[in-house]
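Residue-level structural notes
Chain by chain, the residues run as shown.
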Amino acid sequence: MKTNRAVRSPGGLSVRLDVRTLVVVVLLLVAALAASVVLIGTGDFEIPAADVLRTLFGEGNASQEFIVNELRLPRVLVGLLVGASLGLGGALFQAISRNPLGSPDVLGLGQGATAGALTMIVLFSGGATQVTLGALMGGLVTGLGIYLLAWKQGVHGYRLVLVGIGMSAIVTAINGYLLTRADIVDAARAVVWMTGSLDGRDWNQVWPLLALCAVLVPLVLANGRGLRMMEMGDDISYALGVRVERVRMLLLVAAVLLTAAATAAAGPVSFVALTAPQLARRLTRSPGPNLLPSLCMGAALLVTADWISQRAFGADQLPVGVVTGVLGGVYLLWLLVTERKAGRI
Amino acid sequence: MLVDSPPEQRAETAPAPPKRRAIRAVGLLVSVAVLVVVALASIAIGAKDLALDQVWHGLFHDSGTFGDVVVGERLSRTVLGLLAGAALGLSGAVLQALTRNPLADPGLLGINAGASAAVVTAITFLGVTSLTGYVWFAFLGAAAVGALVWFLGGSRGATPVRLALAGTAISAALFGYLQAVMIMDDAALGRMRFWTVGSLSSATDEIIWEVLPFFVVGSVLALALARPLNAMEMGDDTAKALGANLNRTRALSMLAATVLCGAATAACGPIVFVGLMVPHVVRSFTGPDLRWILPYAAILSPVLLLGADVLGRIVARPAELQVGIVTAVLGGPVFIYLVRRRRTAQL
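Position numbers for residues count from 1 along each chain, tracking the sequence in the order it is written. Here the convention is simple: chains get letters from A, ligands get numbers from 1, in the order in which they are written. Confidence filtering applies because this is a predicted model: local features only for residues at pLDDT of at least 70, side-chain atom pairs given and counted only at 80 or more, and all residues used for totals across whole chains, interfaces and linings.

Put simply, the rule reads: UniProt positions are given in the numbering used here, feature names are shortened, and annotations may be inferred rather than shown by experiment.
Chain B has the name Iron ABC transporter permease in an unreviewed UniProt entry, where Streptomyces griseicoloratus is given as its organism. Word for word, the UniProt comment on chain B under Subcellular location (unreviewed entry) is "Cell membrane".

As annotated in an unreviewed UniProt entry, chain A is Iron chelate uptake ABC transporter family permease subunit from Streptomyces griseicoloratus. If you open the UniProt record of chain A and go to Sequence similarities (unreviewed entry), you find "Belongs to the binding-protein-dependent transport system permease family. FecCD subfamily."

Below, the structure written as structure tokens:
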């Protein structure tokens, strides 16, 4: 099958269609939505998928309405949005650092958000809203710090990664200190938050995240073309008319915002940002940043992982971050071995 | 790629070798003197400050007074700081020479994460509760992860970025495991949150005696490797031509670094950045000769570690800030400075 087609209009406008990518995006979307429906039906009170769909379209009975619309739908929506944000943010970071391991987890953004949340939990005994705000601030400040410190007549990929590793070590030490300061109840709460969990998320978390995605996702996708050129190197991109440093800064800010918002909503769910772009790339078999497929893959991954954690360990025993962590860890080791054999890193 | 010793450090105006050697030897003596001062400070300063004559009394005429007991407690802590500091500095210097990579550091290479994962396993699943019990698990975990990072980092063709990323990746994966266990087991959380930050405060004579053999063997091995590692710094081909056995040197260096760092981590918990910072600072005034770098690192690292420990006791009086936190907060900026100082072409 020829995977690239150009569609030309009589007026001279043309658009390139990557058929395989399109198919992958559609399939991933379907998978994410299907997993969401199953996830809504899962829990102490099981609801068959058909009833879930009927309720979503407003034709269920009263008790199902309450369970689906008030309790489980917002949780699943947060899961979808967080997964999508992490997938897209990860794809951006990996493309900008030109490194498959240059994800927000490695760069210490998750640690930064954790520091913000821990400050709220341990020092101020803050409620859910304060913790979310603290995490958002922590992530943004850390992202800004990494960017400024890695700046030296432009931001270079490896320097970004290495500065991120250093930053992550400092923030990890601060987190360790905060944990030792806490009493055991706060510490247990902090550890659950640090793992990433969708437990008890409601509509208050959905709206801000949805608004942010509605602004940032189109912005990022519009700049995807420049990012794709930049994979050929800064000089060639300049020659092709891409304003490299401007595009890079814009996309980095978008990536930091997406990651920080997702982390604030669900905690630093590990490895989704790392694995989603890599899996998407292997499915589309297309080089380039694969922004849209990564986004869909992130959403599908997170919802599926949440379903697995509920099925395997019972409702709300282990947060979703544990499942993504274990799966991601195994995947990461495999990635390291194969990349090494291919001589890429 | 990063290469060892940036040119500006090598390009000293070479004075006559004997004079330079004399300067370095005097510098070594001065370092020892500084170490003695810091060690005395570590005994004297704390929640209860002691005068120097009280320290003297406690050290040499122990008669069981309150001051003498305090001196005894702080003495084991100081001795452990000396040993662990030297071990971290030596293992950092050896790893940096071995990988020809100024960013190599046992903490960055995931050895600490391996030790942490092994300790939490011991606490939760095997019911080990005593600190002396942790030591062996920490040691095993460190060794396993050291070998794994070395393999995943590309063993013989290891590059700085590859090793750093392999270490970070494994640390991240093990960290996930650590958290899962801590969520399910409150008792493990209660112990681990103090262990993982790295501290000298748990030092006892028993622990010192347990890890002492490893420190001795590792240190002797590391110091003996100075000459072959010097040869290897000139590149594999030159080293071979000079008669160095590459594979043996690599294997022994990795062994020395893992034994030293594993023992230090087992005794004090993960302490990052000492092994990174000190060899760097040392290299800037000794030049690239490991026969000088290693002894200097072995003396100046405990200065840093004990200094950070004392600082941690001063800033958070009457409680204390764990030494692992102080070193990371001090060392992180140094790491970032080192990364920034290199030109883009080299990175």
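The rest of the description comes next.
Remarks on the overall build of chain A
Spelled out, the test is: Helix and strand labels come from DSSP, where a helix needs a run of H or I of at least four residues and a strand needs a run of E of at least two; each type is numbered from the N terminus. Note on method: radius of gyration uses C-alpha positions; expected globular size equals 2.2 Å times residues raised to 0.38. With C-beta atoms placed from the backbone, a residue counts as buried when 20 or more other C-beta atoms lie within 10 Å of its own, as exposed when 12 or fewer do, and as partly exposed for counts between those limits. By the convention adopted here, residues are in contact when the distance between their C-beta atoms, placed from the backbone, does not exceed 7 Å.
Along the backbone of chain A there are 15 helices and two strands. Relative to the 2.2 N^0.38 estimate, which gives 20 Å for 345 residues, the radius of gyration of chain A is 21 Å and therefore close to what a compact globule would have. Once the C-alpha set of chain A is aligned to its principal axes, its extents read approximately 60 × 50 × 40 Å. Counting only residues that meet the buried cut, chain A has 54% of its 345 residues in that class. By sequence separation, contacts in chain A at least 24 residues apart represent 72% of the contacts at least 6 residues apart.

Some details on the packing of helix H13 (residues 274-286) of chain B against helix H15 (residues 323-341) of chain B
Residue and element names in this part refer to chain B. Short version of the rule: Each axis is a line fitted through C-alpha atoms, and for a helix only the stretch in contact is used; angles between axes span 0 to 180 degrees, taken between their N-to-C directions. Put simply, angles under 35 degrees are roughly parallel, angles over 145 are roughly antiparallel, angles from 65 to 115 are roughly perpendicular, and the rest are oblique. A crossing counts as left-handed when the near helix is turned anticlockwise from the far one by less than a right angle, and as right-handed when that turn is clockwise. Charged means Asp, Glu, Lys or Arg here, nonpolar means Ala, Val, Leu, Ile, Met, Phe, Trp, Tyr, Cys or Pro, and polar covers whatever is left, Gly included.
At a closest axis distance of 9 Å, the pairing of H13 and H15 adopts a crossing angle of 55°. Relative to H15, the element H13 is oriented oblique. Here the hand of the crossing between H13 and H15 comes out left-handed. In this structure, H13 uses Val274, Leu276, Met277 and His280 to contact H15, whose residues at the interface are Thr327, Gly331, Val334, Phe335 and Leu338. Of the residues assigned to the contact of H13 with H15, the class counts are six nonpolar, three polar and no charged.

Topic: the environment of B:Leu294
Residue and element names in this part refer to chain B. Among the secondary structure elements, Leu294 is positioned in helix H14 (residues 290-315). Spatially, the C-alpha atoms of Leu294 and Ala222 are 7.9 Å apart, while their sequence positions differ by 72 residues. Beyond its immediate chain neighbours, meaning those up to four positions away, Leu294 contacts Leu90, Ala93, Ala222, Leu223 and Ala226.

What to know about the packing of helix H9 (residues 205-224) of chain B against helix H12 (residues 246-268) of chain B
Residue and element names in this part refer to chain B. Across the interface, H9 lies against H12 with an axial gap of 9 Å and an inter-helix angle of 155°. Looking at the two axes, H9 sits roughly antiparallel to H12. The handedness of the crossing between H9 and H12 is left-handed. Contact residues: Ile207, Val211, Phe214, Phe215, Val217, Gly218, Ser219, Leu221 and Ala222 in H9; Leu252, Leu255, Ala256, Val259, Leu260, Ala263, Ala266 and Ala267 in H12. Split by residue class, the contact of H9 with H12 holds 15 nonpolar, two polar and no charged.

Overview of the UniProt feature "transmembrane region" (unreviewed entry) in chain A
Residues and elements named next belong to chain A. The UniProt record marks residues 21-41, 76-94, 106-125, 131-150, 157-179, 205-222, 250-271 and 320-337 with the feature "transmembrane region" (unreviewed entry), using the residue numbering of this structure. Across residues 106-125, helical content stands at 90% and strand content at 0%; the span's end C-alpha atoms are separated by 28 Å. As annotated, residues 250-271 has a helix share of 77% and a strand share of 0%, and its two end C-alpha atoms lie 24 Å apart.

Topic: the environment of B:Gly141
All names here are of chain B. By the secondary structure assignment, Gly141 is in helix H6 (residues 131-152). Since 26 C-beta atoms lie within 10 Å of it, Gly141 is described here as buried. Other than its neighbours up to four places away in sequence, Gly141 contacts Gly114, Ala115, Ala117 and Ala118.

Quick word on the nonpolar core
Going by this rule: Here a nonpolar core is just a set of buried residues of the types Ala, Val, Leu, Ile, Met, Phe, Trp, Tyr and Cys, joined wherever their C-beta atoms sit within 7 Å.
In this structure, B:Ala87, B:Leu260 and B:Ala263 are the most contacted members of the largest nonpolar core, which totals 220 residues. Considering every element that reaches this core, the biggest residue donor is helix H3 (residues 62-97) of chain A, with 16 residues. The contact partners of B:Ala263, leaving out residues within four places of it in the chain, are B:Ala87, B:Phe139, B:Val211, B:Phe214, B:Phe215 and B:Gly218.

Observations regarding the confidence of the model for chain B
All names here are of chain B. What counts here: For every residue, the predictor assigns a confidence score, pLDDT, that lies between 0 and 100.
Overall, the predicted model of chain B reaches an average pLDDT of 79, with 88% of residues at or above 70. For chain B, the element scoring lowest by mean pLDDT is helix H1 (residues 7-10), at 43; H14 scores highest, at 90. When the criterion is pLDDT under 50, residues 1-15 qualifies, and its contacts beyond four places in sequence or with other chains add up to 24 contacts.

Structural notes on helix H5 (residues 109-124) of chain A
All names here are of chain A. Just so we agree on the cut-off: One less than the number of residues in a helix, times 1.5 Å, gives the span that helix is expected to have.
For H5, with 16 residues, the first-to-last C-alpha span of 22 Å sits near the 22 Å given by 1.5 Å per residue. By the criterion of burial, H5 is predominantly enclosed, with 14 of the 16 residues buried. Trailing H5 by a residue or two, Ser125 shows a phi angle of about 45°, which is positive.

What to know about the environment of B:Gly235
Residues and elements named next belong to chain B. Tracing the backbone shows Gly235 in the loop between helix H10 (226-233) and helix H11 (236-241). Residue classification places Gly235 among the exposed residues on the basis of 11 C-beta atoms within 10 Å. Taking the C-alpha atoms as reference points, Gly235 and Arg100, separated by 135 residues in sequence, lie 9.2 Å from one another.

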